[in-house]
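Analysis of the macromolecular model
In case you want the letters, here they are:
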Amino acid sequence: MPVIPAHAYDPPPQTDASKQQVDKLVGLWKEHHADADSPKERRAAFETLMASTPEPTRIQIRNVDAGGVNAQLIWPARLHHPVGRRVILYVHGGGFNSGSLRTHRALAGSLAKAASADVLLIDYRLVPEYTYPSQIDDALAAYRWLLDSGYDNDNIVIAGDAAGGNLAIEATLRQMQVKGPLPAAVIAMSPITDLAAAGASVKSNALSDPLISEAHLKALSKAYLGERSPTDPQASPVQADLTGFPPLLMQVGSGEVLLDDTLRLADKARQAGVDVTTEVWPGMVHQWQLFPFWLDDARRANQRIAEYAMSHFADKPAQ
């Protein structure tokens, strides 16, 4: 099997202004999560933090039932293209137990505008009310709903952050197993690829990434998987056979606990012949892309994501 050369984009060094913006974000995160120890408390803290953030502007939103999954179809208000042309299926993060349409709507809206595409933001079932594989099932159901609704698979990109990155990859692997039509590309931002939390950066970056920890990773893995092994390739993409996987973009911060999750999966994908692009962003913490209204580097990273999606759509947006 030919090994595809690795593609990498090296973002510019972090500026002093960027460092100040990240420090402010970390302070807000700590303030909201100071007493959030249980999964229920962490869910509430995340919702409260994101409720304080701006709603997206210059977009249109339609509530839809995406194959039994509650979702919002979002598209740029300035565009009048028919629904059903190009779409990003967005699977939100939140450790499998949190996140919602509200927490990720600003990011989804920014991607819709930057990529001149529709974005289907799904509200999949959460832990502990629903455990594995409900979340993967919902992501796959939404993808198949897009196909049934008239979107061609080569005009669909699946994207997700953190746990959503895991689900985006695993849903695509499930689609491969049944030999169904695959998306044009997959984008994983700060993805959780190893539910065993075995990457070296889990410990080495523990002090530089206050948004997630080894203890939190292992707790969410147990809550999500129950008695299933965290090394099961059906749950941890880093263990999976990626042969035949679509083009893959992964972004991660240099200071993230999950840095090695991205690098190990990227190496494995490359060895399997996958067209994989990795971006390591200096000084960024877990899920920084969620905050384009506060972080310059979030806006830049999201623009990179949009450009990657546009480059892989068969039906290119008009320039």
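Okay, so let's go over this structure. Quantities reported herein were computed from a predicted structural model and do not represent experimental measurements. Sequence positions are assigned chain by chain, starting from 1 and proceeding in written order. Selection of residues for local features in this predicted model requires a pLDDT of at least 70, selection of side-chain atom pairs for listing and counting requires 80 or more, and totals for whole chains, interfaces and linings are taken over all residues. Only heavy atoms go into the side-chain values, all of them from the structure, while hydrogens and water stay out.

1. Structural notes on the nonpolar core
The criterion, for reference: We define the nonpolar core as a collection of buried residues of types Ala, Val, Leu, Ile, Met, Phe, Trp, Tyr and Cys that are connected through side-chain atoms lying within 4.5 Å of one another. Summary of the burial criterion: residues with accessible area below 20% of their type's maximum are buried, those above 50% are exposed, and those between are partly exposed, where the area comes from a 1.4 Å probe applied to protein chains only. Strands are runs of DSSP state E lasting at least two residues, helices are runs of H or I lasting at least four, and both sets are numbered from the N terminus onward. Contacts are assigned to residue pairs with any non-hydrogen atoms lying within 4.5 Å of each other.
Counting residues in each nonpolar core, the largest one holds 57 residues, and the members touching the most others are Leu120, Ile122, Leu217, Tyr224, Leu242 and Phe245. When residues in this core are grouped by element, the largest group, 7 residues, is from helix H5 (residues 163-177). Setting aside anything within four residues of it in sequence, one finds Phe245 in contact with Ile169, Thr172, Leu173, Met176, Val186 and Val274. If you look at the next biggest cluster of nonpolar residues, it comprises 43 residues, including Leu49, Ala112, Ala184 and Ala185.

2. Looking at the pattern of salt bridges
Note that side chains of opposite charge can pair when their charged atoms are close. The condition that has to hold: When a carboxyl oxygen of Asp or Glu is within 4 Å of a side-chain nitrogen of Lys or Arg, the pair counts as a salt bridge.
Considering all chains together, one arrives at 17 salt bridges under this definition. A salt bridge links Arg125 to Asp138; the shortest N-O distance between them is 2.9 Å. With Arg125 in the loop between strand E5 (118-122) and helix H4 (134-148) and Asp138 in helix H4, this pair connects stretches of sequence that are 13 residues apart. Residue class for Asp138 comes out buried when judged on its relative accessible area of 8%. Between Glu227 and Lys222 there is a salt bridge, with its nearest N and O atoms 3.2 Å apart.

3. So, the pairing of strand E6 (residues 156-161)
Note the following rule: Paired strands, as defined in this entry, are two strands with at least two bridges between them according to DSSP.
The buried fraction of E6 amounts to 6 of the 6 residues, a majority that puts the element mostly inside the structure. Pairing analysis gives 5 bridges linking E6 to strand E7 (residues 185-189), with the strands arranged parallel. Within the sheet, the bridge partner assigned to Asp161 lies in E7 and is Met189.

4. Remarks on the pairing of strand E8 (residues 248-253)
Consecutive side chains along a regular strand alternate between the two faces of the sheet. Burial of E8 is extensive: 6 of the 6 residues sit out of reach of the surface. Side chains of E8 alternate between two faces, with Leu248, Met250 and Val252 and Leu249, Gln251 and Gly253 buried alike. Note: E7 against E8, 4 bridges, orientation parallel. Each residue of the ladder has a partner; that of Val186, found in E8, is Leu248.

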